[in-house]
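Spelled out from the first residue to the last, the chains are:
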Amino acid sequence: MPNSSSDRALRDAELRGKLAQVKARIDASAKASARDAADITLVAVSKTRPAQDISLLYEAGQRSFGESYVQEAVPKISILNRCTIEWHFIGRIQSNKTREIARYFDWVHSVDRIEIARRLSRQRPHSLAPLNVCIQVNISREPSKAGVTPDEVADLVAAIYQLPGMNLRGLMTIAPRNTTNRNTNRRQDFQELNNLRSQLERGQGVHLDTLSMGMSGDLEDAVRFGATIVRVGSAIFGVREP
Ligand SMILES: *Cc1c(COP(=O)(O)O)cnc(C)c1O
């Protein structure tokens with residue numbers, strides 16, 4: 001009996017429990033590194049999850065949600081338009097999808113090309129505040145991964161800074177997945193992203209208040225190395241179906 005009220009109550013209890021666990025992990029990690037947990041925003045990554053899950057979490061107080069696929073996200077955003085949700089786009093950006101991203105999202109974490117930034121800026125509706133933007137950095141220089149290399153970031157920062165429809169907020173990275181020294185590598189990556197931000201602030205006179213890093217498996221390390229946004233999917237919603 002899908003969608004019965006008892007199923008909904010069960011799912012509600014499950015999601016509230018998982019949300020509380022993730023918040024407790026963030027709090028503990030913030031405390032351990034003498035940071036204020038209030039400086040860390042939890043983005044619940046709701047890609048592949050139904051609008052009803054988002055709605056239950058919203059009722060539990062969650063306000064920021066992340067999506068990776070435009071086609072899937074837009075109908076959910078439309079259904080939930082009465083909720084004051086902050087929507088974060090975290091997936092790869094195809095140029096034929098920028099118009100919808102610029103219209104439906106508040107944040108984009110995955111900008112890694114100036115052409116894409118120009119399109120998003122041009123297509124951002126004037127009735128909306130400028131789009132909050134992070135530049136995705138491929139710190140570990142994995143060939144398969146999206147993002148600019150660290151030495152390419154400065155040029156992109158300078159270019160995005162000029163765009164009227166964009167509010168450049170900071171840097172985003174995805175930690176390495178299948179390396180032999182996974183823990184060491186991701187800590188180095190998080191530290192490097194943090195250093196890169198400081199270098200850019202000093203070198204280019206820009207203010208970057210955001211480091212978007214850390215997911216279900218590594219949010220503690222990310223918080224320890226300065227994350228201001230963590231993007232958490234499976235630890236809240238359960239394991240994604242393949
Ligand atoms: C899916 C995804 C996440 C969430 O990953 P989990 O391991 O499920 O927490 C975070 N960031 C990006 C860019 C993603 O695509």
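Higher on the page you've got the structure.
As the structure is a computational prediction, the values presented were derived from the model and not from experiment. (Residues numbered from 1 in each chain as written. Predicted model: local features only at pLDDT ≥ 70, side-chain atom pairs only at ≥ 80, totals over all residues. Heavy atoms only, no water.)

A few words now on the overall build of the protein. Looking only at helices and strands, one finds 9 helices and 8 strands in the protein. Against the compact-globule benchmark of 18 Å for 242 residues, the protein has a radius of gyration of 18 Å, which places it among compact chains. Overall size of the protein, expressed as C-alpha extent along the three principal axes, is 55 × 40 × 30 Å. Taking all 242 residues of the protein together, 51% fall into the buried category. In the form shown here, the protein has an accessible surface area of approximately 11900 Å², with 48% of it arising from carbon and sulfur atoms. (Helix = DSSP H or I, 4+ residues; strand = E, 2+ residues; numbered from the N terminus. Rg over C-alpha atoms; globule rule 2.2 N^0.38 Å. Buried < 20%, exposed > 50% of the residue type's maximum accessible area, 1.4 Å probe, protein only. Areas by Shrake-Rupley, 256 points an atom, 1.4 Å probe, with all protein chains shown as cover.)

It is worth spelling out the packing of helix α6 (residues 153–161) against helix α7 (residues 182–204) at this point. Where α6 meets α7, the axes come as close as 11 Å, and the angle between the chain directions of the two elements is 55°. The orientation of α6 relative to α7 falls into the category oblique. The chirality of how α6 crosses α7 is right-handed. Where α6 approaches α7, its residues Val153, Ala154, Val157 and Ala158 are matched on the opposing element by Leu196, Leu200 and Gln204. (Axes fitted to C-alpha atoms, helices over the stretch in contact; angles between N-to-C directions. Parallel < 35°, antiparallel > 145°, perpendicular 65-115°, else oblique. Left-handed = near helix turned anticlockwise from the far one by under 90°. Contact = heavy atoms within 4.5 Å.)

By the definition in use, this model includes 13 salt bridges. Its salt-bridge partner being Arg11, residue Asp53 comes within 2.7 Å of it at the nearest N-O pair. Here Asp53 is found in helix α2 (residues 51–59), whereas its partner Arg11 is found in helix α1 (residues 5–32), with 42 residues between them in sequence. Taken as a pair, Asp53 and Arg11 share a single burial class, namely buried. Among the salt bridges present, the one from Lys76 reaches Glu72, with a minimum N-O distance of 2.6 Å. (Salt bridge = Lys/Arg side-chain N within 4 Å of Asp/Glu carboxyl O.)

Take the site of the ligand next. Taken together, Val45, Lys47, Ser68, Ile90, Ile174, Met215, Ser216, Arg231, Val232, Gly233, Ser234 and Arg240 form the complete shell of residues around the ligand. Contacts to the ligand include Lys47, whose side-chain N or O atom sits 2.7 Å from an oxygen atom. At a separation of 2.5 Å, an oxygen atom of the ligand approaches a polar side-chain atom of Ser216. When the ligand sits alone it has 380 Å² of accessible area, and the protein chains cover 89% of it. (Near = heavy atom within 4 Å. Polar contact = N/O pair within 3.5 Å; in protein donor to acceptor, adjacent residues only side chain to side chain.)

Glancing now at the environment of Ser46. Inspection of the secondary structure assignment puts Ser46 in the loop between β1 (41–45) and α2. Once you skip the residues sitting within four places of it in the chain, Ser46 turns out to touch Ile54, Phe65, Gly66, Glu67, Glu72, Lys76, Trp87 and Phe237. A polar contact is formed between the side chain of Ser46 and the side chain of Glu67, at a distance of 2.7 Å.

Residue position: Val153 is located in helix α6. Between the alpha carbons of Val153 and Val137 there is a distance of 7.5 Å; along the sequence they are 16 residues apart. Sequence-distant contacts of Val153, that is, excluding residues within four places in its chain, are made with Ile135, Val137, Val148, Leu171, Leu196 and Leu200.

This next bit is on the nonpolar core. Leu120, Ile135, Val153, Ile160, Leu171, Val230 and Ile236 are the most contacted members of the largest nonpolar core, which totals 65 residues. In terms of nonpolar packing, the next biggest core, distinct from the first, is built from 6 residues, Val43, Trp107, Met172 and Ile229 among them. (Core = buried A, V, L, I, M, F, W, Y, C linked by side-chain atoms within 4.5 Å.)

Moving on: α2. Most of α2 is tucked away: 7 of the 9 residues are buried. What α2 keeps buried is the set Ala51, Asp53, Ile54, Ser55, Leu56, Leu57 and Tyr58. Lining the buried residues of α2 we find α1, β2 (64–67), α3 (70–79), β3 (86–89) and α9 (234–237). Directly beyond the C-terminal end of α2, a positive phi value near 105° is found at Gly61.

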